Amino acid sequence: LSALEADPTWGCPSPPPQAHTISHKTSRISGVHRIIWTVDAGKLRNHERQAVSPSFELPLASLATSRLVIFPRPNTDGKGSASFKKSGGCGSVHLKCEASGGSVSFLVAISDGTTGFAKKPRGPVMHNFADHSTCGLPKDQEQWDFGKAVNQATQTFSVCLDILPCRQ
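Just so it is clear, the model here is predicted, and its values are computed rather than measured.

Caption draft 1: Examining the overall build of the protein more closely. Within the protein one finds zero helices and eleven strands. Classification of the 168 residues of the protein by burial places 40% in the buried group. Within the protein, counting contacts between residues at least 6 apart in sequence, those at least 24 apart form 59% of the total. Total accessible area computed for the protein in this model is approximately 9,100 Å², and 53% of it derives from carbon and sulfur atoms.

Caption draft 2: Representation of the side chain of S158 within the structure. Mapped onto the elements of the fold, S158 is located in strand 11 (residues 156-163). On the basis of relative accessible area, S158 is assigned to the buried category, the value being 4%. Beyond its immediate stretch of four places on either side in the chain, S158 contacts I36, W37, T38, A109, I110, S111 and G113.

Caption draft 3: Molecular detail of the sheet that holds strand 1 (residues 21-26). Sheet architecture is open: five strands sit in the order 1-2-11-7-8, paired in antiparallel fashion. The two strands at the open ends of the sheet, each matched to only one other strand, are strand 1 and strand 8 (122-128). Averaged over all adjacent pairs, the angle separating strand axes in this sheet is 25 degrees, with direction ignored. Of the pairings in the sheet, the one linking strand 1 to strand 2 (residues 33-40) comprises six bridges and is antiparallel in character. Bridge pairing in strand 2 places S23 opposite I36.

Caption draft 4: Highlighting the environment of K43. Along the chain, K43 falls in the loop between strand 2 and strand 3 (51-52). Filtering out sequence-adjacent residues up to four positions away, K43 remains in contact with E48, A51 and F84.

Caption draft 5: Geometry of the pattern of salt bridges. In the structure shown here, the tally under the stated rule is three salt bridges. Of the charged contacts, one joins D162 and R34 as a salt bridge, the two residues approaching to 2.7 Å between their closest N and O atoms. Here D162 is found in strand 11, whereas its partner R34 is found in strand 2, with 128 residues between them in sequence. A residue is classified by how much of its surface remains accessible, and R34, at 6% relative accessible area, is buried. The shortest N-O distance in the salt bridge between K139 and E142 comes to 3.7 Å. In this structure K139 comes out as exposed when scored by relative accessible area, which is 70%.

Caption draft 6: Quick peek at the pairing of strand 7 (residues 103-111). Counting buried residues along strand 7, eight of its nine residues qualify, which places the element largely inside the surrounding structure. When strand 7 meets strand 8, the two strands line up antiparallel, connected through five bridges. When the bridges of strand 8 are listed, S103 appears paired with N128. The pairing of strand 7 with strand 11 spans six bridges and is antiparallel. For F106, the partnering residue across the bridge sits in strand 11 and is I163.

The rules we used
Residues numbered from 1 in each chain as written. Predicted model: local features only at pLDDT ≥ 70, side-chain atom pairs only at ≥ 80, totals over all residues. Heavy atoms only, no water. Helix = DSSP H or I, 4+ residues; strand = E, 2+ residues; numbered from the N terminus. Buried < 20%, exposed > 50% of the residue type's maximum accessible area, 1.4 Å probe, protein only. Contact = heavy atoms within 4.5 Å. Areas by Shrake-Rupley, 256 points an atom, 1.4 Å probe, with all protein chains shown as cover. Pairing = 2+ DSSP bridges. Axes fitted to C-alpha atoms, helices over the stretch in contact; angles between N-to-C directions. Salt bridge = Lys/Arg side-chain N within 4 Å of Asp/Glu carboxyl O.

Structure (structure tokens):
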């Protein structure tokens, strides 16, 4: 159990969140901002080439409108365009920010939306949005098997973004 997961100020969502929703909590202990996007698992069975979260405010120097985007794993044979169905439910998570500047440090994890699911956060990633409006994990860490995080009861999975406090 990581120090972030042990933080009692997170609480548990109850009842289970609806698909295509964003929740945002801030830990009073660590100062970490946790954004959780609940995704309809049906997206993993179709031919879509991306899924985009509802917008949320990213705590940079000022609040900046942002979204999480998941992309399917590219086709290994290079033929046709990638889709979640072709990728077997595997793909990557990216953070897109509408601000033209500001730096962020973050971790990404996936979950079935329950407290019993063992999250394995990846990162941290440090990024300056003045360089590029979108960022993700390093290539050797970016691929997730979203299907392994599907909650069978709700037919959803969650993408968890932890924004780490800025260190001066």
